[in-house]
Amino acid sequence: MIVEPVVLEGEIVRLVPMDLGHVDALAEVGMERELWTWVPTACETRGDVEAYVRSALADQKRGFALPFVTIDKASGTVIGSTRFANLDTANLHAEIGWTWINPKWQRTAVNTEAKFLMLRHAFETWKCIRVELKTDALNEKSRSAILRIGAKHEGIFRRHIICASGRVRDTVYFSIIDSEWPKVKESLVKRLR
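Residues numbered from 1 in each chain as written. Predicted model: local features only at pLDDT ≥ 70, side-chain atom pairs only at ≥ 80, totals over all residues. Heavy atoms only, no water.

A.B. asks: What should I look at first to understand the nonpolar core in this one?
C.D. replies: When a protein is soluble and globular, its nonpolar side chains tend to lie buried together. Counting 34 residues, the largest nonpolar core has Phe84, Leu119 and Trp126 as its most contacted members. Elements that contribute at least two residues to this core include exactly strand S2 (13-17), strand S3 (66-72), strand S4 (77-88), strand S5 (93-101), helix H3 (110-125), strand S6 (130-136), strand S8 (168-177) and helix H5 (181-192). Take this core: its biggest share by element is eight residues, from H3. Apart from residues lying up to four places away in sequence, Phe84 is in contact with Leu8, Phe64, Ala65, Leu66, Phe68, Ala94, Glu95, Ile96, Met118, His121, Ala122 and Trp126. (Core = buried A, V, L, I, M, F, W, Y, C linked by side-chain atoms within 4.5 Å. Buried < 20%, exposed > 50% of the residue type's maximum accessible area, 1.4 Å probe, protein only. Helix = DSSP H or I, 4+ residues; strand = E, 2+ residues; numbered from the N terminus. Contact = heavy atoms within 4.5 Å.)

The structure is reproduced here in structure tokens:
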């Protein structure tokens with residue numbers, strides 16, 4: 001499992017390695033308050049977005065994460081962000097998370113294709129045996145989306161994270177394991193057609 005920046009490209013989206021040059025574009029599409037309702041951090045200003053990017057890049061430097069910006073291929077517009085995190089190369093594990101997409105592109109195939117590209121990279125390039133996803137227990141939309149891509153519900157970490165608002169979040173964990181990937185892949189490919 002060699003983790004290094006890579007471009008993941010599909011028919012609809014291109015996931016490109018995040019860098020400081022993306023701050024302005026991310027700030028332009030990332031100021032929607034609803035994007036930050038269910039995540040521990042909050043981005044309300046360009047400075048918040050820059051801190052978010054710097055934190056992601058620091059995690060990448062430590063070998064903990066591989067952050068991307070999500071680009072709509074048709075327009076060439078940066079529309080959000082996602083990342084691999086909690087990378088555990090010794091045990092062939094990765095997490096897919098920190099995903100947000102501007103509301104204009106939500107409820108389209110963007111997130112499905114982005115998850116497909118990341119899962120394919122994790123299972124077929126890195127040869128992961130486990131990929132996990134997690135979300136706020138109150139975020140029903142995200143929970144449903146994770147189940148729709150084929151992940152299995154594992155449980156809830158109670159009182160797991162203190163959010164920027166001070167609210168204590170329960171976190172729902174999901175996973176896909178290597179033996180499940182062929183069926184998940186087939187289902188995602190059908191959905192993307």
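There is more to say after this.
A.B. asks: Can you walk me through the packing of aromatic side chains in this structure?
C.D. replies: To describe a pair of aromatic rings, one takes the distance between the centres and the angle between the planes. A complete count under the given rule lists five aromatic pairs for this structure. Ring plane angle 20° and centroid distance 5.4 Å describe the contact between Phe123 and Trp181, whose orientation is recorded as stacked. A residue pair is termed long-range when its members are at least 10 positions apart, and Phe123 in helix H3 and Trp181 in helix H5 qualify at 58 residues. Both residues of the pair, Phe123 and Trp181, count as buried. An aromatic cluster of at least three residues, connected via ring pairs, comprises Phe68, Phe84 and Trp126. For the cation-ring pair, Arg83 lies above Tyr52, with the distance from its terminal atom to the ring centre recorded as 5.1 Å. (Phe/Tyr/Trp six-rings, centres within 6.5 Å; stacked < 30°, edge-to-face > 60°. Lys NZ or Arg CZ within 6 Å of the ring centre and 35° of its normal.)

A.B. asks: Help me understand the sheet that holds S5 in this model?
C.D. replies: In a beta sheet, neighbouring strands are held together by backbone hydrogen bonds and run either parallel or antiparallel to one another. The eight strands lie next to each other as S1-S2-S3-S4-S5-S6-S8-S7, forming an open sheet whose pairing is mixed. Both outer strands of the open sheet, strand S1 (8-9) and strand S7 (152-162), are each paired with one neighbouring strand and no more. When S6 meets S8, the two strands line up antiparallel, connected through seven bridges. Across the sheet, the residue bridging to Glu132 is Ser175, located in S8. The sheet contacts of H3 involve S1, S2, S3, S4, S5, S6 and S8, and relative to S5 the element is tilted by about 160°. (Pairing = 2+ DSSP bridges. Axes fitted to C-alpha atoms, helices over the stretch in contact; angles between N-to-C directions.)

In short, the description is geometric, and any link to function would need to be established separately.
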